[in-house]
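# A structural walkthrough
This is what each chain is made of:
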Amino acid sequence: MHISLDKQVALVTGASSGLGAAAAKGLAEAGAAVVINYNRHGEPAEKLAEDIRQAGGKAIAVGADVSREADVERLFAKVIDTFGALDILLANSGLQKDAATVDMTLADWNAVLEVNLTGQFLCVRAALRQFIQQGPRPWVSRATGKIIHMSSVHQLIPWAGHANYAASKGGVDLLMRSVAQEVGEQHIRVNSIAPGAIRTAINAANTQGDAERKLLELIPYGRIGEAEDVANAVVWLASDASDYVHGTTLFIDGGMSLYPEFRNNG
Ligand code: BGC
């Protein structure tokens, strides 16, 4: 199986680091022109765009806060101004503001829901409008557009101390499946990726030493994931190799969602 995203345009939100950056790189390596969205960290986003261009690919970095409607409109206008079309949206921006529920501030609840759930809605709505307006592009893909939501194992696994985050990802699941049900007949493909524990800068404290050993007890496959494990899945889901995959969630978690604490229990 050879995957080419040649002549396709991909927008990755929250792509200045971690999973978003790895996915942007993977999509560019597969031949897509990539728009690297960032919110606060312009420098690494610009550097990633430059690296992709140096390697012979096409990329730009664009700042926008996905939780703000006007920013999202501006971001999508920039995508179309620069590359003329949109084929792939990876709605990846997300954040955590952890606290026990009894102590959680409304500000921290809202901040997480606004980025992780409302931000995905705003980007998906803008992508759908663009896909419908531009119509099919059969010379690049069988689908009229592809949307990939970045979810988490915590769309399924409850997470004490992270109720805002788990609620946002639970919301992403039904957002994704409702939109998939709605737009399938327009040949727009909508899916989610649900990563487990992945070794990224943000997760550094959890993926080293004692914390890593504890985390590994929750991962039947016996290793922490790498950002490339997720990027490979993004490229496949964005390509025609997965053309019949619609409205589903692909767990990239080494089996974390198998409830491994039940191996010798229950
Ligand atoms: C979170 C990580 C966590 C993983 C598994 C992800 O959604 O962002 O911090 O390690 O879930 O619990």
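Placed above this text is the structure.
Figured I'd write up the structure that's included with this text. (Residues numbered from 1 in each chain as written. Predicted model: local features only at pLDDT ≥ 70, side-chain atom pairs only at ≥ 80, totals over all residues. Heavy atoms only, no water.)

## A look at helix H2 (residues 42–54)
Since the α-helix turns once every 3.6 residues, residues separated by three or four places project in the same direction. For H2, which comprises 13 residues, the first-to-last C-alpha distance of 18 Å matches the rise-based estimate of 18 Å (1.5 Å per residue) to within 8%. Those residues of H2 that sit buried are Gly 42, Ala 45, Leu 48, Ala 49 and Ile 52. All buried residues of H2 fall inside an arc of 130° around its axis, so they share one side. The exposed set on the far side of H2, more than 90 degrees from its buried face, consists of Glu 43, Lys 47 and Gln 54. The elements touched by buried residues of H2 are helix H1 (18–29), strand E2 (33–38) and strand E3 (59–63). (Helix = DSSP H or I, 4+ residues; strand = E, 2+ residues; numbered from the N terminus. Expected span 1.5 Å × (residues − 1). Buried < 20%, exposed > 50% of the residue type's maximum accessible area, 1.4 Å probe, protein only. Arc of directions from axis to C-beta. Contact = heavy atoms within 4.5 Å.)

## Some remarks on the site of the ligand
Inspection of the region around the ligand gives Gln 96, Ser 152, His 154, Trp 159, Tyr 165, Gly 196, Ala 197, Asn 203 and Met 256 as its neighbouring residues. Between an oxygen atom of the ligand and a side-chain N or O atom of Tyr 165, the distance comes to 2.7 Å. Asn 203 is positioned such that a nitrogen or oxygen atom in its side chain is 3.2 Å from an oxygen atom of the ligand. For the ligand, whose free accessible area comes to 310 Å², the fraction covered by protein is 86%. (Near = heavy atom within 4 Å. Polar contact = N/O pair within 3.5 Å; in protein donor to acceptor, adjacent residues only side chain to side chain. Areas by Shrake-Rupley, 256 points an atom, 1.4 Å probe, with all protein chains shown as cover.)

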